[in-house]
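Secondary and tertiary structure notes
Listed below are the residues making up each chain.
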Amino acid sequence: MSKRVGVLALQGDFEAHERAIARSGAEPVQVRTAAELASVDGLIIPGGESTTMLKLIDYMKLWEPLSTFAHQKPVFGTCAGAILLANEVLSPSQPSFGVIDLTVERNAYGRQVDSRVVELEPIAEFGERVGEGPLEAVFIRAPIIRRAGPGVKVLAQYDGDPVLVEQGHHLVATFHPELTQDSRVHQLFLSKL
Ligand code: GLN
């Protein structure tokens, strides 16, 4: 049976993640309720606006269920999702689930050059696990990972900062792998389920 991958579908680019999951051979499931969350093997928190997502999580009474899920099951956060998973958020400080030992600074690339497409060179182990070659990365008003704890493995960097990291069954990208045709980052997440 194919794996069921939840995508938090409150706000942001969750549909692009659904397509990326389907391309990777798993079943995408939109998650808006605790019952839907209970039915999936892992969860993606998409990009969007983390402050808006926090308000909707509160409004939909999803904080407790999401926090419990994130402490037990694999979760993959992209951009705003990365912010929600980090231990500590700066600029300004805001609540987060704290399941991956990162300090992230929101909107840290500045206003003039806040969005770009670049080519990353992931570490060799990434290639061994999901296939070699450079990785196209779309950054949109991205956070910068200012600190990664000792338990965090950095899989790719941009400009000296970590941009793709994992800790156990949690995966975080400050860019948007769901916006390119390359499915390797999603495949890496599926391998954790
Ligand atoms: N700037 C957004 C935030 O701080 C994140 C942007 C994104 O997800 N593309 O939440």
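Residues numbered from 1 in each chain as written. Predicted model: local features only at pLDDT ≥ 70, side-chain atom pairs only at ≥ 80, totals over all residues. Heavy atoms only, no water.

The next subject is the site of the ligand. The full set of residues close to the ligand is G47, G48, E49, S50, C79, A80, I83, R106, N107, I140, R141 and H176. At a separation of 2.9 Å, an oxygen atom of the ligand approaches a polar backbone atom of G48. Residue I140 places a main-chain N or O atom 2.9 Å away from a nitrogen atom belonging to the ligand. Out of a free accessible area of 300 Å², the ligand has 96% covered by protein chains. (Near = heavy atom within 4 Å. Polar contact = N/O pair within 3.5 Å; in protein donor to acceptor, adjacent residues only side chain to side chain. Areas by Shrake-Rupley, 256 points an atom, 1.4 Å probe, with all protein chains shown as cover.)

Attention now moves to the packing of aromatic side chains. Scanning the model with the defined rule gives six aromatic pairs in all. Summarising the aromatic geometry, the rings of Y109 and Y158 are spaced 6.4 Å apart at their centres and angled 50° between planes, so their arrangement reads as tilted. Here Y158 lies in strand β10 (residues 153-158) and Y109 lies in the loop between β6 (100-105) and β7 (115-120), a separation of 49 residues in the sequence. Each member of the pair Y109 and Y158 is classed as buried. Feature note: the residues Y109, F139, Y158 and F175 constitute an aromatic cluster, connected by ring pairs. (Phe/Tyr/Trp six-rings, centres within 6.5 Å; stacked < 30°, edge-to-face > 60°. Helix = DSSP H or I, 4+ residues; strand = E, 2+ residues; numbered from the N terminus. Buried < 20%, exposed > 50% of the residue type's maximum accessible area, 1.4 Å probe, protein only.)

Taken as a whole, the largest pocket encloses approximately 160 Å³ of empty space. If you trace the largest pocket, you find 14 residues lining it, with G48, E49, C79, I140 and R141 closest to the centre. Considering only residue class, the lining of the largest pocket consists of five nonpolar, five polar and four charged. (1 Å grid on protein atoms, 1.4 Å probe; cavity = no way out; pocket = protein on both sides within 12 Å on 5 of 7 lines; lining within 4 Å. Points joined across faces, edges and corners; volume = space filled by probe spheres on them. Nonpolar A, V, L, I, M, F, W, Y, C, P; charged D, E, K, R; others polar.)

Residues of helix α3 (residues 50-59) that are buried: S50, M53, L54 and I57. The buried residues of α3 occupy an angular sector of 100° when the element is viewed end-on, so they sit on one face. Opposite the buried face of α3, at more than 90 degrees from it, the exposed residues are K55 and Y59. Contacts made by the buried residues of α3 are with β1 (4-8), β3 (42-45), α4 (63-72) and α5 (80-85). Looking one or two places after α3, you find K61, whose phi comes out positive at around 55°. (Arc of directions from axis to C-beta. Contact = heavy atoms within 4.5 Å.)

Once that is clear, we can look at the environment of R4. Within the element layout of this structure, R4 appears in strand β1. Judged by its relative accessible area of 24%, R4 falls in the partly exposed class. Sequence-wise, R4 and Y109 are 105 residues apart; in three dimensions their C-alpha atoms are separated by 34 Å. Ignoring any residue separated from it by four or fewer positions in sequence, one finds R4 in contact with E27, V29, S39, V40, D41, G42 and L193. Only 2.9 Å separates the side chain of R4 from the backbone oxygen of S39, close enough to count as a polar contact.

Let us now look at the side chain of Q94. Tracing the backbone shows Q94 in the loop between β5 (86-90) and β6. A distance of 3.0 Å separates polar atoms of two side chains, one belonging to Q94 and the other to S50. Separated by 3.1 Å, the side chains of Q94 and R106 make a polar contact. When sequence neighbours within four positions are dropped, the list of residues in contact with Q94 reads S50, T51, L54, I83, V89 and R106.

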